[in-house]
Structures are given as C-alpha cells and as structure tokens.
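Each chain is listed here by its residues.
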Amino acid sequence: MAEFNGGGHWHLDAVFYQVYVRGFKDSSRDGNGDLRGLIEKLDYIESLGVSCLWLMPIFPSPLRDDGYDVSDFLEIDPSIGSLADFQQLTEAAHQRDLRVITDLVISHTSDQHHWFQKARQGPDSPFFSYYVWSDSDDRYQEAQVIFSDTEHSNWAWDHQAKRYYWHRFFSHQPDLNYDHLPVQEAILDVMRFWLDLGIDGFRVDAVPYLFEREGTNCENLPETHAFCRRMRRLIDGEYPGRILLAEANQWPDDLVAYFGAGDEFHMAFNFPLMPRLFLALRREDNRPLIDCIETLPAIPADCQWATFLRNHDELTLEMVTDADRDYLTSEYARDPRMMLNVGIRRRLAPLLDHDRRRIELLYSLLLSLPGAPVIYYGDEIGMGDNIYLGDRNGVRTPMQWSDDRNAGFSSADPSRLYKPVLTDPLDNYQTVNVAAQLRSPASLLHWLRHQLRLRSSQPVFSRGEIRFVQVSCRSIVAFTRSHRGTTALLVHNLAATVQPVHLELEAYAGLRPVHFSGNHGFPQIQAAPYFLNLAPYESLWFLLEPA
Ligand code: NOJ
C-alpha cells in the first residue's frame, strides 16, 4: 500500500471522479448508497479512464449538510459502511491503479460532535477552547455570511454555554478555533488516521476560514497559511506521495497563495475559470476565458489546478463581476428556484439545455485546458437535476445505472430512497442511464471515455505549456499545449453558428495539423494565416507534426 501511494507527482496527470457515496450504489437495500456498492462499481469507474476517486464526506454525521457536518472524524457513517469496507475500497481501487481521496472538513464540526457537546459545558470543559465563543454577536463584522439564503449572522447563541459561537456556514456547524493549538494537533491526527488507512490525499474543505482577526474579512489570513504549511509538512515528512487539494473559492491572487512556495497545497480548484467557461460559451466570446487564464498567476512546479464544470454545490458566481453574475443568472437560471445563495443549483446537462454539442464543447475545453479535470458523478451520462428538492439536493439524486427499479441504484422500496430518482420527461432514468449509453456507441458516455483516452495518451494535456493562438473572430478559442517537443493545437467554436476562422500559426509553418482521430488530410501550415471552418460548437484536437 505504502508503495502504491509513494508514486510521486501523480496528481499532475490525474483525472478525478467525484463520488457522492450515498447517491452512487446501494448494496444493502436500505435506500442509501454505500461503500460496498461503490466497490461493485469500480470496474465502471475504471472504464471511464479516470485515475482518482474523490469521495464526498464519509464520516458519521447528522446529515444536515450532507456529511460536511462531521460528528466523528475517525469513523465511517454507519449508513454507508464501516472502516473495514473503507479499507477494502482503497485496496480494490489501488489494485486497479485508481487512487482515492476524501473530503477533510477542517474548518468546522457538526454541533453533534462530542468536542462541541463538551465545549458547551462552559470554560471549565477541556473542549471549550476548541470553538470560538463570544459574549456578544458583533465581532468580526467584516466577515461575509456565506450561506446567505439560510443564515443572517456568523454568530449563533448557545443556550447551554450562554454565549455566542462562531460559524461560517450553517449555524449547526460551529467553527473550530485554530488559535487553540490542541485543535491543530487534533486535525493533524485525523489526517494521520486516514493516511495510515491508505488514503491518497484529501480535498480540504473550506480552507480560507480557519482563523478570525478583527478588522479583516477573516479569510486567507497569514495564520491560515501557516497551518496549511503544517499540513503539508506532515504529508511531505510522513506520507510522501499523498496530496492536498484546496477548496478555496477566492479571487486569483488569494487562491494561488494556497500553493504557497510549493509548500502548501499540491492542488487547488480553479474557481475563477469555472464560471468563465459558461460565460464564454453563452456570450460566444473567447475573452472571458483567455483573460482568466492569462491573468492567473503562475503556480509552483509540481502543483496543479483541479478544473471542473460542475460539482455537488451550486455553480458559484462569487468570483465574477456583478455584471457577469447578472448575465449568467439571467441566462442559466431562468427559474428563481434554480438559484441558491450566490449560485445556480443545476447539473451540467440541464444548464446547457441538454445540447450534446455544448456539453461536448465544455468537456473538450475542460480536458484540454491546463489542470486536472474533475468529473462529477452522473455528468458523464448527462444526468439531469430536480430543482424541486431543497438546498443542493437536486444535483445529488441517485446515480442512474439502468432502467430497472430505482434506476438500478437500489432494490429498496422507492419510498425508502434517500432522495427520489429522476422521472421527469427529459431526465428520467428510463432514458438517461449507464446501461443504455453503454449499448449506444454514439452516447455521451462513450464519447467522453474516448476523449479521456485521447487525453491520457498525450502528456501535453496535463503537463504542456499553454499559448493562445490569435484568431480572426472572437467566437473561436484556439490554443496550443506544448511539452517536450510535442505540440497539440486545440480549436473550439463557442458559437451556435458555423464559423470561418484564420489562425495565426506562422510560428508552426512547415508542420501539419493531424487530427487526433488519425486524419492526415489537413493542409500544411504556411507562413500565413491558417484557415479553418468550424461547425457550431465544434472542437478540433490536432497534433502538429512534421509535414
Ligand atoms: C464546502 C462544501 O463543498 C459544501 O458542500 C459545504 O456545504 C460547505 N463547504 C460547508 O462545509
């Protein structure tokens, strides 16, 4: 096991598959997906061509924030399995060369965690200082309320402690007090516990919010970075080859700071890029995308972005201008029910009106732009959502495996399922499911598997330098990725109409674009603009080879 984890820099070339264990496959017929069900589906996951699973929280929890409200860091939630199941999962995954990371929720606990239950007893409790208490609710006024649709303040009154406690998310999620060193030690021990069990790393939840300081917005403080370096030292010193992936929904400079000088996180989600992919597509304009990538500060060697289109949360619009937010909202959330906090709670396919061409276009950008792609379970088959379920539950419905009972997800009585399967005309599981798409060579599932295979056949995609190519019209985004003498040329049409385009490829004069499908028919590049015609939403992937 240690040997498996030890392979260095695997994260640079990784493709992640994000799994909501409760929603993936139920092996015990209780209506909840579980770890054993996930083990049954490892062949499927392997066949996708991904290399690492990211498991959303698997720890015991009252499930008021789907497991991001942890009540015990050192156990598995009984509804999804046991520690033995977890070990079996990591071993079975490793046998298939798949790595496994899990969420590590470090900024807060559930109010049901025994630390908080004891802390509430008052200052004499050894756990009192594990949390942030105050006699008044007016400190740290500059900190924003993140779950603005539910919470009005970051302080909540605890009637037992007779004090206010600090929370950045739901009021049932008290924030841990990182100024109290035993908290830091306890979290490092939690990491050791899972690393000893063979986990390959962590997606560290809500990183920016670990410390509070008056007169600041209590995000990205130097003290927070100091703790991130402690986590990294633990990895480097005791568990080399494992990785830390930061969830920090921040503007570029603050976000890039989480890579440190290569001594904090190995990876961070590219939050600025994600909404700009949707913006560029809807506006049929390459500028939002190019500006974003060209202005992102460089990241240290051996670090990597995690890029994504959708995940289990709302499509967050915090990292765009007010005008762009209004535009994205009006274009992608036509029904107010689709909004939550500052984001749009929809899956990929419905966001794109189920338009296969646009879905493929965004995937093509995701797979060819710099970063390690993260694919959200179900989005590989274009699963829909249910905006009539509360909070973010509409994008966490059961995985649609087949047209069998409960979409093949569970053989429990339908009314027992943790959430109903999708039955709407467009998204119903009888039509949209893995089994059907496996039978159809033209399905999205087959297309994406093929595209992932192409991507992994060429290290330019994960390691290559990017250079945008000058184009004669803004609805085309073209760039090269180059690595060790190999150059790929990627051309995408963001428009709903056919587009003729001239590409400034003079620097590659004498080479010939060879389409990844093996088609050699494209003319040689000359010392003059190169002409292409692209169909609506078309993507072309070429290697530039000697003529
Ligand atoms: C970020 C997670 O992605 C989200 O699902 C969760 O609600 C918050 N952190 C609070 O833990």
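In case you missed it, the structure is sitting above this.
A quick note: this is a predicted structure, and the numbers were derived from the prediction, not measured. Per chain, the residues get numbers from 1 upward, laid out in the order the sequence is written. Only residues with pLDDT of at least 70 are given local features in this predicted model, and only at 80 or more are side-chain atom pairs given and counted; all residues enter the totals for whole chains, interfaces and linings. Side-chain figures throughout are based on the complete set of non-hydrogen atoms in the structure, without hydrogens or water.

S.K.: An account of the packing of helix α9 (residues 273–283) against helix α11 (residues 322–332) is needed here, citing residue identities and associated values.
M.R.: Put simply, α9 and α11 touch, their axes get as near as 11 Å, and they point 70° apart. Considered as vectors, α9 and α11 are oriented roughly perpendicular to each other. As α9 runs across α11, the sense of the crossing is left-handed. In this structure, α9 contributes Pro275, Phe278, Leu279, Leu281, Arg282 and Arg283 to the contact, and α11 contributes Asp324, Tyr327, Leu328, Glu331 and Tyr332. Axis definition: a line fitted to C-alpha atoms, limited for helices to the stretch in contact. Angles are taken between N-to-C directions and run from 0 to 180 degrees. The helix count covers DSSP runs of H or I at least four residues long, the strand count covers runs of E at least two residues long, and both are numbered beginning at the N terminus. Any angle from 65 to 115 degrees is called roughly perpendicular, while one under 35 is roughly parallel, one over 145 is roughly antiparallel, and all others are oblique. We call a crossing left-handed when the near helix sits turned anticlockwise from the far one by less than a right angle, and right-handed when that turn is clockwise. It only takes one pair of heavy atoms within 4.5 Å for two residues to be counted as in contact.

S.K.: Which residues make up empty space enclosed by the protein, and what are the values?
M.R.: A cavity here means a set of points on a 1 Å grid, drawn over the protein atoms and nothing else, where a 1.4 Å probe fits but cannot get out; a pocket is an open set with protein on both sides within 12 Å along at least five of seven lines, and a residue lines either one if it has an atom within 4 Å of a point. Grid points are joined across faces, edges and corners, and a volume is the space filled by probe spheres set on the points. All told, the structure shown has three cavities of 30 Å³ or more when counted by the stated rule. Lining the largest cavity are 25 residues, and of these Ile146, Phe147, Phe169, Glu247 and Asp313 lie nearest its centre. Space inside the second largest cavity adds up to approximately 50 Å³. Along its surface, the second largest cavity is lined by Tyr20, Val21, Arg22, Met56, Pro57, Leu63, Asp66 and Ile80.

S.K.: Give me the site of the ligand: which residues, what numbers.
M.R.: The ligand sits among Asp65, Tyr68, His108, Phe147, Phe169, Arg203, Asp205, Glu247, His312, Asp313, Arg392 and Arg396. Polar contact is defined as a pair of N or O atoms within 3.5 Å, subject to the rule that within protein one atom must be able to donate a hydrogen and the other to accept it, and that residues adjacent in sequence are counted only when both atoms are side-chain atoms. One of the side-chain N or O atoms of Asp65 is found 2.7 Å from an oxygen atom in the ligand. The contact in question runs from an oxygen atom of the ligand to an N or O atom on the side chain of Arg392, over 2.9 Å. Per-residue accessibility takes into account occlusion by the displayed protein chains alone, with areas from the Shrake-Rupley method and a 1.4 Å probe. Expressed as a share of its isolated accessible area of 300 Å², the protein-covered part of the ligand is 97%. According to the grid-proximity analysis, the pocket containing the ligand is the largest cavity. Of the residues that constitute the shell around the ligand, the class distribution is three nonpolar, two polar and seven charged. We define proximity as follows: a residue is near a molecule or strand when any one of its heavy atoms falls within 4 Å of that partner. Assignment to a cavity or pocket requires that more than half of a molecule's atoms be within 2 Å of the site's grid points. Basically, the charged four are Asp, Glu, Lys and Arg, the nonpolar ten are Ala, Val, Leu, Ile, Met, Phe, Trp, Tyr, Cys and Pro, and anything else, Gly included, counts as polar.

S.K.: Go over the layout of surface pockets with me, naming the residues and quoting the values.
M.R.: Roughly 640 Å³ of volume is contained in the largest pocket. Looking at the largest pocket, it is lined by 22 residues, and the ones nearest its centre are Ile299, Gln304, Pro370, Gly464 and Glu465. Among the elements of the structure, β10 (304–308), α16 (460–463) and β15 (465–468) are those that each provide at least two residues to the lining of the largest pocket. Along the lines of polarity and charge, the residues of the lining of the largest pocket split into 13 nonpolar, five polar and four charged. Taken as a whole, the second largest pocket spans an internal volume of roughly 280 Å³. Forming the boundary of the second largest pocket are 17 residues, of which Met338, Arg346, Pro350, Asp385 and Asp427 lie nearest the centre. At the level of secondary structure, the elements contributing two or more residues to the lining of the second largest pocket comprise α11 and α12 (348–351). Split by residue class, the lining of the second largest pocket holds eight nonpolar, two polar and seven charged.

S.K.: Account for helix α15 (residues 444–456), with residues named and values stated.
M.R.: Given a rise of 1.5 Å per residue, 13 residues ought to cover 18 Å, and the 18 Å separating the end C-alpha atoms of α15 matches this to within 8%. Of all the residues in α15, the buried ones are Leu444, Leu445, Trp447, Leu448, Arg449, Gln451, Leu452, Leu454 and Arg455. Contacts made by the buried residues of α15 are with α3 (42–48), α13 (356–368), β14 (372–376), α14 (434–439), α16 and β21 (539–546). Working rule for helices: expected span equals 1.5 Å times residues minus one. Whether a residue is buried, partly exposed or exposed follows from its accessible area with a 1.4 Å probe, protein chains only, as a fraction of its type maximum: under 20%, in between, or over 50%, in that order.

S.K.: Any chance you could break down the sheet that holds β21 for me, citing the residues and the numbers?
M.R.: Read across the sheet, five strands follow the order β15-β16-β17-β21-β19 without closing on themselves; strand pairing throughout is antiparallel. With partners counted over all chains shown, the strands left at the sheet margins are β15 and β19 (511–515), one partner each. Pairs of neighbouring strands in the sheet enclose a mean axial angle of 30°, with direction left out of account. Strand pairing is assigned whenever DSSP detects at least two bridges linking the two strands. Summarising the sheet, β15 and strand β16 (residues 476–483) pair through four bridges and their orientation is antiparallel. Across the sheet, the residue bridging to Glu465 is Ser482, located in β16.

S.K.: Tell me about the environment of Glu238, and please be specific about residues and values.
M.R.: In this structure, Glu238 sits in helix α7 (residues 222–238). Taking the C-alpha atoms as reference points, Glu238 and Asp196, separated by 42 residues in sequence, lie 9.9 Å from one another. Beyond its immediate stretch of four places on either side in the chain, Glu238 contacts Arg192 and Arg233.

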